[in-house]
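# Summary of the model geometry
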Amino acid sequence: MAAGEMTGATEKRSAELKVVSGRDLRHDRTQFTDAREERLFRSLDLDNDQRVLRSDLERILADMGLRRDDPRLTESMTALDAYRAAHQPPAEEPPEPGIPRDSFCTAIRHNILLIERALQGDMVIPDFGEFCGRIDRLFAESLANRNGKAADYIPQLDLKEPELDRFGLSLCTIDGQRHSVGDHDIFFPVESACKPVNYCLALEEHGEDVVHGFIGHEPSGATFNELTLNKHKRPHNPMINAGAIMSSALIKLKDKRENSRDGTLNALEARGWSGARFDYVVERWQALCGGEKPRFSTPVYLSELETADRNFALGYHMREQGAFPPDVDLHDVLEFYIQCCSIEMTTEMLATAAATLANGGICPVNGVRVFNTETVQNCLSLMSSCGMYDYSGEFAFSIGLPAKSGVSGVIMIVIPNVMGLCTWSPRLDEHGNSVRGIDFSRRLVDELNFHNYDNLTGRSRKHDPRISRVRMQAIHVNELIWAASKGDLGAMRDQLMRGTELSCADYDRRTPLHLAAAEGQAHIVEFYIERKVEDGAAIELNPRDRWGGTPLDDAYLHGNKAIVALLERNGGCRGNLSHAEGAGDSVGAPAPQAESHKTAELIWAASAGDLKAIRRLVAQGTSLDIADYDARTPLHLAAAEGHLDTVRYLILQGVRAGPRDRWGYTPMQDAERHGHTEVVDLLARHAGRRKSRRRQ
Ligand code: GLU
C-alpha cells in the first residue's frame, strides 16, 4: 500500500532527496486559497514540491469507491481535464503535469466537500478497499453454494446452467461509495422487490393513515401469495402479494380522480393514464438508482399474466370483501402490479436503490431526494418484519436487517445509515429466497457488526468497518493508556466495560501499567494488582515493551518509590532493558505532546508504514510533528519499523529530524537499534544537510 501510494509521486520526484525546512511549509495564504484547501493540497503534495498530480487524486477517489463519472465530481473533473489539456506538452510521451496550488484549489472548489471527505477518509466506510476485499471473499465463499433451484412457474425464471449459476453482488454506501462483484451488470426481473417501492409510492401519495386504512402492518405468518386477509378483511402487509396489489391500486389514484368526470375514465383516457402511471413508476425507480433507466421484460410480463391465477383470486377476494377504494379497476390493477414485477434491473441499480433507502430517501450518488424520510422509515420497518417471505422472522433474528427478496433470486438489503446491497442468484430455497443471497447475508453479519443490534454490545468480536483501522487502535489502546498516564480511573473503567483489554499494548508494546508506573499513578497500579488478584493470570504485571522494559523499570526510572514498593511486593520484576536508564540525551528537545487521538492514529499509521492513512490525517490538518505520552513521534515509529518510504515522506514534509523520546532517544537511534541501515543513512543525510545549511 505504501509503495502504491507513492507511485504517482515517485515518477515526478527527483532521485535526490530534497530537504524542506519547517519554515518552507508555512505558505502565505493567497487571495483565493484558504487553510482548508491548503490542507487538502498539502495532503496530495507527497514530496512537497508545491505541485500535485491529478492521478494521485483520482487514485484516492477510486480507492474510496467513488467513480470517475460520479455526478458529484463532474465540475472538478472537467476543470482538471481543462488544466491538463492546457498544460500537457504535445507530441512525445510527456510526464503528467504537476498542478500548482492555485490551479488545483480552483479546480476542486466546485466539488470541495466531497473531495475533502474523500481525502480525509471521512466516509462511512473509511478503509473501503479493505472492506471490498472482505466482501469479495464472502462472495466467493457463497458462490460455492450450489443448493436450491430456480423458480419454475414461468419459463423466463426457470433458468438452466450456465445462467442458473449466475451470481452478482453490488453495494453502494450512503456516501456513494460503490463496489460490485460477479454478474452485477445482468438485467433480471425485480419481481417482489417492486413491493417496497410501490408501498413507498402509495405512502407518498396518500399518507400513512390512508394507506394503512387499506393495508395492515402485521406479518401474515403465511406464504406470500396465501389466499388470506387479516381480521379487518384487509391484506396483512404491503410486502406480500395481496398488500402489494393494494399498494399498486393506490398509485396515481388521485390523478385518475382529478382527470375523470364522474369517477371513471373512458377507455381512451384510461389507457393514457395507465401508461403515464407505469412511466411514473419507472421514473421513480430510475431516481432511486441514481439515473440509470430500468428495462421491462415483455416475455416475463406475458408469462406472469398467464399464470397469475392466484393474484387474480386474491384480487377478486379483496374486491368481494370491499377492500379496494371504490374507483379501482381490478383488472387494470392486476396488470399494473404484474408490470411492476416485470421491470428489469441489475444488482448495481438495485444496490443504489437500497442505498437511497439506507440514506433516508436521498439518492447518495446524486443527492436527489426521492422519498420522504417518514416514508422510508415505514418501508424499512415492514421490510424488517415481512420482507423475506415465510423466513422473515428468522431473517430478522439472525441477520437483523431490512431486506426484500423476489423469486428471480434477488435480495435487496438495507443497512440503515450505512449502505444498500443487492445480491442476485437464481437458485432458491424452500421459502423462495435466493440460497446464495441468504448464505452471503449470514456471512456478512457473522463477520461485520451490521446486525441491527450489534451496536448494543459495545466492542463485539465482529469487525466494525465504519471505523478505520488506525482509529480503532487509537480509540481502544491509546485512550486507555493515556487515561492511565493521567490517573483517570473512571475513564479506564468505562473503556474496560466497552470491551477494551486491560492488557492492551501500543506500537511500542507499552501498556497502561507502564504509563501508570512512569507517571506515578499509584492508584492505577493498585487497580491492576486488584484485578490480577481477581482475574488471575489474565493480567500481566511484567509486560515487556519494545526495549524489554517492565512497569517496574518505569517506576525506577522516574523515581516513583511508592510504585516500586507496590510492584515489588506483588511480583513485579525488572526487565532486561536494551537502553540503560537515562543513556540517551534526556535533556534533548521532545516534540509537543499529543492533543487528540489523531496523534495516536498518526503514530499507528507510521508504525505500519501506512502512507494512505498518514495522508488522510494531513488532510484533516493533523500536525506530523507531535508526540505521544512517551514523547514518541511518527518519525520514531517509522524509523523503528524500518519504513523507508514513510521516513522519506515525513522528512520531505519537514518534520524535525531529532526529536527525543521519554528516554532521550532520536528516530536515528531507533533505526540503529533495529538494524535498519537504509533508514539510518537517510536520516543521517537529512541531519547532515540540516547542519550544513545551518552553517551557511
Ligand atoms: N410476480 C410474482 C407474483 O406476484 C412475484 C413473486 C415474488 O417475487 O414473490 O406471484
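As a convention, each chain's residues are numbered from 1 in the sequence order in which they are written. The predicted nature of this model means local features are confined to residues of pLDDT at least 70 and side-chain atom pairs, given and counted, to a pLDDT of 80 or more, with totals for whole chains, interfaces and linings taken over all residues. Heavy atoms throughout the structure, all of them, feed into the side-chain values; hydrogens and water do not.

## Looking at the overall build of the chain
Just so we agree on the cut-off: The helix count covers DSSP runs of H or I at least four residues long, the strand count covers runs of E at least two residues long, and both are numbered beginning at the N terminus. Between two residues, a contact is recorded if the distance between any of their heavy atoms is within 4.5 Å. Method for areas: the Shrake-Rupley scheme with a 1.4 Å probe, in which residue coverage is limited to the protein chains shown.
Across its full length, the chain holds 31 helices and ten strands. Look at the contacts in the chain between residues 6 or more apart in sequence, and 72% of them connect residues 24 or more apart. Accessible surface computed for the chain: about 28700 Å², of which carbon and sulfur atoms make up 50%.

## Structural notes on the confidence of the model for the chain
The cut-off we apply is this: Confidence scores per residue from the predictor, reported as pLDDT, run from 0 to 100.
When the pLDDT values of the chain are averaged, the result is 89; 89% of them are 70 or greater. With pLDDT under 50 throughout, residues 1–31 is counted as low confidence; its partners more than four residues away or in other chains account for 62 contacts.

## Focus: the pattern of salt bridges
Side chains that carry opposite charge are capable of pairing whenever their charged atoms lie near each other. We count it as follows: Whenever a carboxyl oxygen of Asp or Glu lies within 4 Å of a side-chain nitrogen of Lys or Arg, that contact is scored as a salt bridge. Each residue gets one of three labels from its accessible area relative to the maximum for its type: buried under 20%, exposed over 50%, partly exposed in between, using a 1.4 Å probe on protein chains only.
For the structure shown, the criterion picks out 47 salt bridges. Between Arg616 and Asp127 there is a salt bridge, with the nearest N and O atoms lying 3.3 Å from each other. Of the two residues, Arg616 sits in helix α27 (residues 611–619) while Asp127 sits in the loop between α6 (112–120) and α7 (128–143), which places them 489 residues apart along the sequence. Residue Arg510 pairs with Asp554 through a salt bridge whose shortest N-O separation is 2.7 Å. A residue pair is termed long-range when its members are at least 10 positions apart, and Arg510 in the loop between α21 (489–497) and α22 (512–518) and Asp554 in helix α24 (residues 551–557) qualify at 44 residues. Residue Arg510 shares its accessibility class with Asp554, and that shared class is buried. One salt-bridge network, held together by shared partners, links Arg134, Arg137, Glu141, Asp439, Arg443 and Glu447.

## Overview of the packing of aromatic side chains
Heads up, the rule is: Working definition: a ring pair exists when centres of Phe, Tyr or Trp rings (six-membered ring for Trp) sit within 6.5 Å. Plane angles under 30 degrees give stacked, over 60 give edge-to-face, the rest tilted. Here, a charge over a ring means that NZ of Lys or CZ of Arg falls within 6 Å of the ring centre while also lying within 35 degrees of the ring normal.
Counted according to the given criterion, the structure contains ten aromatic pairs. Here Phe527 and Tyr528 contribute two aromatic rings whose centre-to-centre distance is 6.4 Å and whose plane-to-plane angle is 90 degrees, an arrangement assigned as edge-to-face. Accessibility assignment for this pair places Phe527 and Tyr528 in one class, buried. If you follow Lys252 out to its NZ or CZ, it ends over the ring of Tyr280, 4.0 Å from the centre.

## Some words on the site of the ligand
Inclusion rule: Neighbouring residues are identified by heavy atoms, a residue being near a molecule or strand if any of them is within 4 Å of it. Whenever two N or O atoms come within 3.5 Å, that pair is a polar contact, provided that in protein one can donate a hydrogen and the other can accept it, and provided that, for residues adjacent in sequence, both atoms are side-chain atoms. Charged residues are taken to be Asp, Glu, Lys and Arg, nonpolar residues to be Ala, Val, Leu, Ile, Met, Phe, Trp, Tyr, Cys and Pro, and polar residues to be all remaining types, Gly included.
Of all residues adjacent to the ligand, which total 13 residues, the nearest are Glu191, Ser192, Tyr337, Tyr389 and Val407. Measuring from a nitrogen atom of the ligand, one finds a side-chain N or O atom of Glu191 at 2.8 Å. For the ligand, a nitrogen atom lies 3.1 Å from a polar atom in the side chain of Glu304. For the ligand, the accessible surface in isolation is 300 Å², of which the surrounding protein chains cover 95%. Across the shell around the ligand, the residue classes break down as six nonpolar, four polar and three charged.

## Here we look at the nonpolar core
To be explicit about the condition: Take the buried Ala, Val, Leu, Ile, Met, Phe, Trp, Tyr and Cys residues and link them wherever side-chain atoms come within 4.5 Å; each set so joined is a nonpolar core.
Ranked by internal contacts, the top residues of the largest apolar core, which has 104 residues, are Phe131, Trp285, Leu350, Phe371, Met419, Leu444 and Phe450. In contact with Met419, other than residues within four places in its own chain, are Ile125, Phe131, Leu171, Cys172, Thr173, Ile174, Ala355, Ala358, Ile413, Val414 and Phe450. Core analysis: the second largest hydrophobic core is formed by 59 residues, Ala483, Ala516, Leu602 and Leu650 among them.

## Focus on the pairing of strand β3 (residues 168–173)
Here is the rule we go by: By the convention used here, strands pair only if DSSP detects at least 2 bridges between them.
With six of six residues buried, β3 is to be regarded as a mostly interior element. Here β3 shows two buried faces, one formed by Gly168, Ser170 and Cys172 and the other by Leu169, Leu171 and Thr173. Here β3 runs beside strand β4 (residues 178–182); their pairing, made up of five bridges, is antiparallel. Looking at the pairing, Gly168 lines up with Gly182 of β4. Once β3 ends, the chain turns through four residues before running back antiparallel as β4, passing Gly176 with a positive phi of about 75 degrees. Direction of pairing for β3 relative to strand β10 (residues 419–424): antiparallel, over a ladder of six bridges. If you follow Leu169 over to β10, its bridge partner there is Thr423.

## Looking at unusual backbone geometry
With an omega dihedral of 5 degrees, the bond running from Glu161 to Pro162 counts as a cis peptide bond. Inspection of the secondary structure puts Pro162 in the loop between α7 and β3. The backbone phi angle of Asn48 is positive, close to 55 degrees, even though this residue is not glycine. Within the fold, Asn48 resides in the loop between α2 (35–44) and β1 (51–52). Taking relative accessible area as the criterion, Asn48 reaches 4% and is therefore assigned buried.

## Quick notes on the sheet that holds strand β9 (residues 410–415)
Where we set the bar: Inter-axis angles, ranging from 0 to 180 degrees, are taken between N-to-C directions of lines fitted to C-alpha atoms, where helices are fitted over the stretch in contact.
Strand order in this open sheet of five strands is β4-β3-β10-β9-β8, and the pairing throughout is antiparallel. On the outer flanks of this sheet lie β4 and β8 (403–406), each paired with one strand and no other. Ignoring which end each strand starts from, the neighbouring axes of this sheet average 10 degrees apart. Sheet strands in contact with α7 are β3, β4 and β10, and its direction is about 25 degrees off that of β4.

## Some points on the sheet that holds strand β6 (residues 295–296)
Spatially, the three strands line up as an open sheet ordered β5-β7-β6, and their pairing is antiparallel. With partners counted over all chains shown, the strands left at the sheet margins are β5 (188–189) and β6, one partner each. By the bridge criterion, two bridges tie β6 to strand β7 (residues 343–345) in an arrangement that is antiparallel. Each bridged residue has a counterpart across the sheet, and for Phe296 the counterpart in β7 is Ile343.

## Looking at the packing of helix α23 (residues 522–535) against helix α25 (residues 561–569)
Put simply, the rule is: If an angle is under 35 degrees, it is roughly parallel; if it is over 145, roughly antiparallel; if it lies from 65 to 115, roughly perpendicular; otherwise it is oblique.
Packing of α23 against α25 brings their axes to within 10 Å, and their N-to-C directions diverge by 10 degrees. With respect to each other, α23 and α25 are oriented roughly parallel. Contact with α23, carried on its side by Ala522, Val525, Glu526 and Ile529, involves Ile563, Leu566 and Leu567 of α25 and no other residues of that element. Its residues assigned to classes, the contact of α23 with α25 comprises six nonpolar, no polar and one charged.

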